[in-house]
Structure formats: structure tokens, C-alpha cells
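If you want the building blocks of each chain, they are given just below.
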Amino acid sequence: MPELPEVEVSRLGITPHLLHKQITAIKVRQPKLRWPVPEEIQQLVGFQIERISRRAKYLILHTANGNILLHLGMSGSLRVVPKDTPAGKHDHIDIVVDSDYSLRLTDPRRFGACLFQAEDTSPNPLLDNLGPEPLTDAFDGQRLYDLSRNRKQAVKTFIMDNKIVVGVGNIYANESLFLAGIDPRKAAGKVTKQHYLALGEIIKQVLAKAISQGGTTLKDFAQADGKPGYFAQELLVYGRNGEACVKCAEPIESVVIGQRNTFYCAKCQR
DNA sequence: ATTGACTCCTGATGGC
DNA sequence: TGCCATCAGGAGTCAA
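Residues numbered from 1 in each chain as written. Chains lettered and ligands numbered in written order. Predicted model: local features only at pLDDT ≥ 70, side-chain atom pairs only at ≥ 80, totals over all residues. Heavy atoms only, no water.

### Considerations on the sheet that holds strand β3 (residues 58-63)
Rule in force here: Only when DSSP finds a minimum of two bridges between them are two strands counted as paired. Numbering of helices and strands runs from the N terminus; a helix is a DSSP stretch of H or I covering at least four residues, while a strand is a stretch of E covering at least two. Axis angles are defined between N-to-C directions and span 0 to 180 degrees, where every axis is a line fitted to C-alpha atoms and, for a helix, only to the segment in contact. Note on definitions: a residue-residue contact is assigned when non-hydrogen atoms from the two residues lie within 4.5 Å.
One open sheet holds the four strands; their spatial order is β2-β3-β4-β8, and the pairing between them is antiparallel. Two strands in the sheet have a free side with no partner beyond their single neighbour: β2 (51-55) and β8 (113-117). Taken over all neighbouring pairs, the strand axes of this sheet differ in orientation by 25° on average, direction set aside. Packing of helix α1 (residues 4-18) onto the sheet brings it into contact with β2 and β3, and relative to β2 it is tilted by some 175°.

### Quick word on the packing of helix α5 (residues 170-180) against helix α6 (residues 193-212)
Heads up, the condition is: We call two directions roughly parallel when the angle between them is under 35 degrees, roughly antiparallel when it is over 145, roughly perpendicular when it lies between 65 and 115, and oblique otherwise. Helix crossings are classified by the rotation of the near helix relative to the far one: an anticlockwise turn of less than a right angle makes the crossing left-handed, while a clockwise turn makes it right-handed. Any residue that is not Ala, Val, Leu, Ile, Met, Phe, Trp, Tyr, Cys, Pro, Asp, Glu, Lys or Arg is counted as polar, Gly included; the first ten are nonpolar and the last four charged.
The N-to-C vectors of α5 and α6 enclose an angle of 130°; their axes lie 9 Å apart at closest approach. In terms of orientation, α5 and α6 fall into the oblique class. As for the relative orientation of α5 and α6, their crossing is right-handed in sense. On the side of α5, the interface is formed by Tyr-172, Ser-176, Leu-177, Leu-179 and Ala-180, while α6 contributes His-195, Leu-199, Ile-202, Ile-203, Val-206, Leu-207 and Ala-210. Its residues placed into classes, the contact of α5 with α6 shows ten nonpolar, two polar and no charged.

### Focus on the nonpolar core
Under the convention used in this document: Here, the term nonpolar core denotes a set of buried Ala, Val, Leu, Ile, Met, Phe, Trp, Tyr and Cys residues that are joined through side-chain atoms within 4.5 Å. Relative accessibility thresholds used throughout: buried, under 20% of the residue-type maximum; exposed, over 50%; partly exposed, between the two (1.4 Å probe, protein chains only).
Judged by nonpolar contacts, the single largest core of 26 residues is most densely connected at Ile-14, Ile-68 and Leu-103. Residues Ile-182, Ile-203, Leu-207 and Ala-210 belong to the second largest nonpolar core, which totals 25 residues.

Written out as C-alpha cells, the structure is:
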């Protein structure tokens, strides 16, 4: 479900409820997520949440005694609920704070994760090899161009590779390539520098706009207060197989690239 | 070094 | 109404 905008929207939504609050309990109803939820997270009970950051699609709750890393996988979502709110079938974890609210992780498919990190600087294979954040100056089209030379993989899978740039998932990869006029099937090494420079800027714009719209709700994504995101109505190609291209009116086509559904306009994207 | 396939899991949807 | 196949917003891991 969540790509970078949805994770960032979650971070912004939960922060006012959790910042500087003390953790009073961590309830793990279902420890079988992508990896087992470690016992160590119980060490954080009694400590204050000092900061809530995001790296790629990971959310990090920082305390003086260690951090909690959260990942939402395909179907995860975070809500802030009154602490005695009855738990549903897929409400796997509650992080209860001293305002008597809980941060509740819901994740039907359980591809998400809840992990422990001893310190901000602790080595972590999940975080240490990630590419740059797309909304910072460390990422731009020049980087895409430089890293793509001689690469034969499709440009779409290239920009979804977390070592190249983090946070670009299937929806925003489709949208960005459409706006940049690049055929998603094209070999990454054959895309021109000019196209990459445009694509770099477009990725930033698309992600920033999606954040400002509260993310994309396709089916079950919700912001921390339970409201949906409104970027879905902005989608130009994702899920629009057979519909008229907004630029040229030719039908949007779909093809599978890297096991993921891909939508594009064969006339506008080359 | 790159690349592509497979995998984890549940729920929604559509065809028969 | 039921049953079965197919498909989902991610990404680590393995093998070629």
C-alpha cells in the first residue's frame, strides 16, 4: 500500500499525538510480521518518544533507550486511537503512550515490520545500503543518468530500486514516467540525459504533491485520523488500463514489468 | 555486478 | 451462494 508519500503522511499525522509522550505499554498481539517482532522493543516502555523520523519507507520512533522501526509493507497502516479501542483481527501492535492514546499498526497481509534498533547509529542492513531520499538535493536526474549507463533493466524497475533512489513505488513510478514521457519498458541505459533530468524533477514534484494531498488511497490506506488520501483522483495512468490518455486520448495500455503491473501511453511515452 | 523470479500473507474481485 | 483463480501500494533473498 504505502509508498513514500503515504509513509510521510502517516509520520506527519501521528507526530503531534506521540511527540514527547512516554511509552506506557507495547502490546504485540501478532508477532509474526515480515520478521518476528523482537522482545527488545519492551525495553522502550517508560521512555519518551523524542523524535519521529522517516528513512525511505521506514518510520523510526526514537527514544533514549533505543528506537522502533516500523514498515508498512503492502497493506499496513497506522492510526492513533484511544487506548482502549477494541482491536480488530489485523490490529497487530499497539504502542500506548501516557496521553492514553495508542499508535496502532494494522496490517492484513503482514508484510510490514516492527523492529528494534539500539541506537541511531547501530548498523542495520535494512537502512545502511539505501539510496538517497528523493526529496533532498542528494537525488536528482543527473544521478539517474550516471547510474543508469550500460544498464539493461527497464527504466521502471531502475527507478524503483532502493539503491538508486528510495520511496518510488509502483504507483509513483508509473505516474512519473508518464509525466516525463518515458516508455517504462525502455532499457535504463538508453534513456537520454535530458529525459533523466526531467524525470528527476518530476519524481520530486509527484511525491511532494502526493504528500500534500494526503497520499493515495486505493483501497485501505488511511491517514492517522482515519481519513483517506486524495491523490488517487490525480492519477493519470495508474489503474487506467483502456481509458483515454489525458494527453493524446489513445487508450492507456498495461504490461507486466518486474512482476508489477505497469500502465503507460504507447504514443506519449517513448 | 546485474537482473529476474520467488516469497511472505490476507482479502477483494470476477468468472463459472 | 459457493468455489477457484487472479491480483494487490514492498522488498529481501537467492540463483543464474
